[in-house]
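# Notes for the structure review
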Amino acid sequence: MKRGLIILGGLLLALSAAVLGFQHLGSYQFNGYVLPEPVKAPETLLRSAEGPVRLSDFKGRLVLLYFGYTFCPDVCPTSLANIKLALGELSPQEAAQVQVIFVSVDPARDTPEALGRYVKMFDENFIGSTGTREEIDWMVNAFGAKYTLEAPDENGNYNVSHSAFTMLLDRSGYYVMNWPHGTPSAEMSADLRYLLEHEIPVSAQILSGPTYTPVVCAVTLIPAHVQNGQWLYEHHCSQCHGIDMAGNPQWQVELADGSHLAPPLNGSGDAWKVSEQTLLATIKEGRNLDKPIHMPAFKSTLADWEVEFILSYVKTTWDINQLNYQHGFMTLTPNPTATPAAPLSPLKTVTPSP
Ligand code: HEC
C-alpha cells in the first residue's frame, strides 16, 4: 500500500540542499538590521502641515520613518541630519524615490505646523507629522518601537525618551529593516542604493533570524507568512483562481488557441506537483502571456517574499504528502497499468524512514 511512495533522501541531504539553496540567493550584506518577519505598515492617518498623510500613500517609494519630537535636544537632530547626509550620497533620481517621514510622539507640544517648520530645516521634502495620542501609541506598537514621557521639571518642560532607530518601509509598504542610531550615513546610503535596485533577498531575512525550518517529511508553514499570504492572495489571485483556490471549473478544457482557464492551486489541481522554483517562476514571469487568457506576470507587483507568503498560504490547502512531494522529500512512482491520474490519488501519510 505504501508502494507508490518513496522517501527521497535523509535528513543530511535535505539540510545540505536547504543550505545550498539559501547561499545562492544574493550576497549583499546589509548594514542595517533586516527584520526576520516584514511588518505590514499600519493604516494610521497622520496629520502634517500639508494635510493628511497615510503610509500607504507612498507605495512604490521607499519610506524612512523616524519617531521623535521637536523639543528633542540631540538625538533627533543628529538622526535627521544623518538621514539627510545619506540621501545626499545618492543621485538626485535615487533620492527622489525615498520619502522621509518624521512622526512626533509628543502631539501635546508638536502641532503639524511646528513639525513642518522643524523638518524643513533639514530638507524641504521631509514630512513632519503626528496624530492623536491613541493613534501614535497604536502606530509605535505596530512598529515594535517605544517611547516614554519623562516627569516634567518645575517649569513643566519634559523630555521624551524614544526608540532612535530609522525604520525602512519597502515599496509595497512593509517595514523590513532598520538602522540603529549612529549608523554612518555611508552605510545607510549603501543599503538604500541596493534596495532601490533589489528587494531584500529572502536569504538576508533567513540570516537575520531563521524563519524556515527544513524538516524531512514535514514542511513548516509560519503562521505570520500564511496570514500575510492570505491577504495577498485575496487581493492579487482570487479573482481568477477563486477565493477557495479551486480554479475555474473548466480549467482542464484546452481552449481553441491552446490556452487554459485558471487552474486550481489547492490540492485538487497540479500546482503541488511542480517544484518551488517553477511555481515562483510562473508567478513572477506569468505564462502564455501572448494569449488572451493567461497567467499574468507579478514580478513588478509583488516582492519575492510576498510570492513566498502567498505560496505558504496556498500550501495550507495541501495534505502532508503533497507538501513533501513538492519539497522533494518524497517521490511518486507511476503505476504503469493505471491511467495517468491514478498514481496520484492513493496518497496516505507516511512515516519517514530513519
Ligand atoms: C487574470 C487571471 C489570473 C490572475 C489574477 C492570477 N492567475 Fe494564476 N493563472 C491564470 C491562468 C489563466 C493560468 C493558466 C495559464 C496556462 O496554463 O496557460 C494560471 C496559472 C497559474 C499557476 C500554474 C498552476 C499549475 O498548475 O501549473 C500558478 C502557480 C498560478 N497561476 C498562481 C497564481 C498566483 C499565486 C496568483 C496571484 C499572485 C495568480 N496566479 C493570479 C490566471 C490568473
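Keep in mind that what you see is a predicted model, and the values were worked out from it rather than measured. (Residues numbered from 1 in each chain as written. Predicted model: local features only at pLDDT ≥ 70, side-chain atom pairs only at ≥ 80, totals over all residues. Heavy atoms only, no water.)

## Things to note about the nonpolar core
Inclusion rule: Grouping buried Ala, Val, Leu, Ile, Met, Phe, Trp, Tyr and Cys residues that are joined through side-chain atoms within 4.5 Å yields what is termed a nonpolar core. Remark: exposure states derive from per-residue accessible area (1.4 Å probe, protein chains only) relative to the maximum for the residue type, with buried under 20%, exposed over 50%, and partly exposed in between. Only runs of H or I of at least four residues qualify as helices and only runs of E of at least two qualify as strands under DSSP, and these elements are numbered from the N terminus. Segmentation of the chain into domains, including their bounds, is taken from an automatic or database domain assignment. Contacts are assigned to residue pairs that have any heavy atoms within 4.5 Å of one another.
Within the largest apolar cluster, 81 residues are counted, with the highest numbers of intra-cluster contacts made by Leu65, Phe67, Ile101, Phe143 and Leu168. Here the element with the most residues in this core is helix 11 (residues 304-315); it accounts for 7 residues. Each of domain 1 (5-25 + 214-333) and domain 2 (33-200) contributes no fewer than three residues to this core. Once you skip the residues sitting within four places of it in the chain, phenylalanine 143 turns out to touch Ala41, Pro42, Leu55, Leu65, Phe67, Met167, Leu169 and Tyr175.

## Details of the coordination of the iron atom of the ligand
The following threshold applies: Counted as donors are the N, O and S atoms within 2.8 Å of the metal, or 3.2 Å for Na, K and Ca, while water is not among the atoms, so some sites may look incomplete. Any coordination sphere not matching a tetrahedral pattern (four donors, all angles between 85 and 135 degrees) or a square planar or octahedral pattern (four or six donors, opposite donors over 155 degrees apart, other angles between 65 and 115) is reported as irregular.
Donor atoms from the polypeptide that coordinate the iron atom of the ligand comprise His241 (NE2) and Met295 (SD), at 2.0 to 2.1 Å from the metal. With 6 donor atoms in place around the iron atom of the ligand and angles of 86 to 180° between them, the coordination shape is octahedral. With histidine 241 in helix 9 (residues 238-241) and methionine 295 in the loop between helix 10 (276-285) and helix 11, the pair connects residues that are 54 residues apart, well separated along the chain.

## Side note on the packing of aromatic side chains
Short version of the rule: Each aromatic pair joins two rings of Phe, Tyr and Trp (for Trp, the six-membered one) with centres within 6.5 Å, and gets the label stacked for planes under 30 degrees apart, edge-to-face for over 60, and tilted for any other angle. Note on geometry: a ring has a charge over it if NZ (lysine) or CZ (arginine) is within 6 Å of the ring centre and within 35 degrees of the ring normal.
Counted according to the given criterion, the structure contains 9 aromatic pairs. Among the aromatic side chains, those forming a connected cluster through ring pairs are Tyr66, Phe102, Tyr118 and Phe122. Above the plane of the ring of phenylalanine 71 lies arginine 109, whose end atom (NZ or CZ) is 4.3 Å from the centre. Note that arginine 109 overlies the ring of tyrosine 158, its terminal NZ or CZ placed 3.5 Å from the centroid.

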